[in-house]
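So you can see what is in the structure, the chains are spelled out below.
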Amino acid sequence: FRSGLFRFGKQLGAEKIATSVYELPPGQQICPYHYEYPEEEWLIVLHGRPMLRTPEGTEALEPWDVVFFPPGPDGAHSVRNDTDETVRRTTFESPSELPSST
């Protein structure tokens with residue numbers, strides 16, 4: 001699991017929504033298949049064509065696709081890059097879900 005990450009919600013004054021941009025190199029996945037609880041999450045593809053795994057199966061996403069993940073098992077997901085170019089995506093989520101920066 002390897003990706004670049006830029007978090008900027010706090011820099012803009014956000015307190016309830018965290019915003020992150022991830023760069024996902026070819027052949028990488030951001031994190032294991034998982035879900036958030038009790039918060040929801042949004043994903044927007046900025047560049048590239050990542051593969052999205054959800055309880056409904058796996059599908060290729062395109063630039064500007066928007067995906068909503070509800071809390072709990074119904075919102076389980078993982079994103080991987082099976083292409084030879086870097087994928088960029090942004091995520092909106094609760095700051096409480098984010099790992100600490102230590």
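The rules behind the values
- Residues numbered from 1 in each chain as written.
- Predicted model: local features only at pLDDT ≥ 70, side-chain atom pairs only at ≥ 80, totals over all residues.
- Heavy atoms only, no water.
- Helix = DSSP H or I, 4+ residues; strand = E, 2+ residues; numbered from the N terminus.
- Buried < 20%, exposed > 50% of the residue type's maximum accessible area, 1.4 Å probe, protein only.
- Polar contact = N/O pair within 3.5 Å; in protein donor to acceptor, adjacent residues only side chain to side chain.
- Contact = heavy atoms within 4.5 Å.
- Patch = residues over 30% accessible without salt bridge, like charges linked within 9 Å, V, L, I, M, F, W, Y side chains within 5 Å.
- Areas by Shrake-Rupley, 256 points an atom, 1.4 Å probe, with all protein chains shown as cover.
- Salt bridge = Lys/Arg side-chain N within 4 Å of Asp/Glu carboxyl O.

Draft legend 1. A look at the side chain of N81. Following the sequence through the fold, N81 ends up in the loop between strand 7 (78-80) and strand 8 (87-93). For N81, a relative accessible area of 0% puts it in the buried group. Only 2.7 Å separates the side chain of N81 from the backbone oxygen of E85, close enough to count as a polar contact. Not counting residues up to four positions away in its chain, the partners in contact with N81 are L24, P25, P26, G27, Q28, T86 and V87.

Draft legend 2. View of the environment of G57. For G57, the position within the fold is in strand 5 (residues 57-60). Given the relative accessible area of 31%, G57 is considered partly exposed. Taking the C-alpha atoms as reference points, G57 and H77, 20 residues apart in sequence, are found 9.6 Å from one another.

Draft legend 3. Representation of a nonpolar patch on the surface. Where nonpolar side chains cluster on the molecular surface, the patch consists of I17, W42, V66, F68 and F92 and spans about 440 Å² of accessible area. Relative to the assigned elements, W42 resides in strand 3 (residues 41-47).

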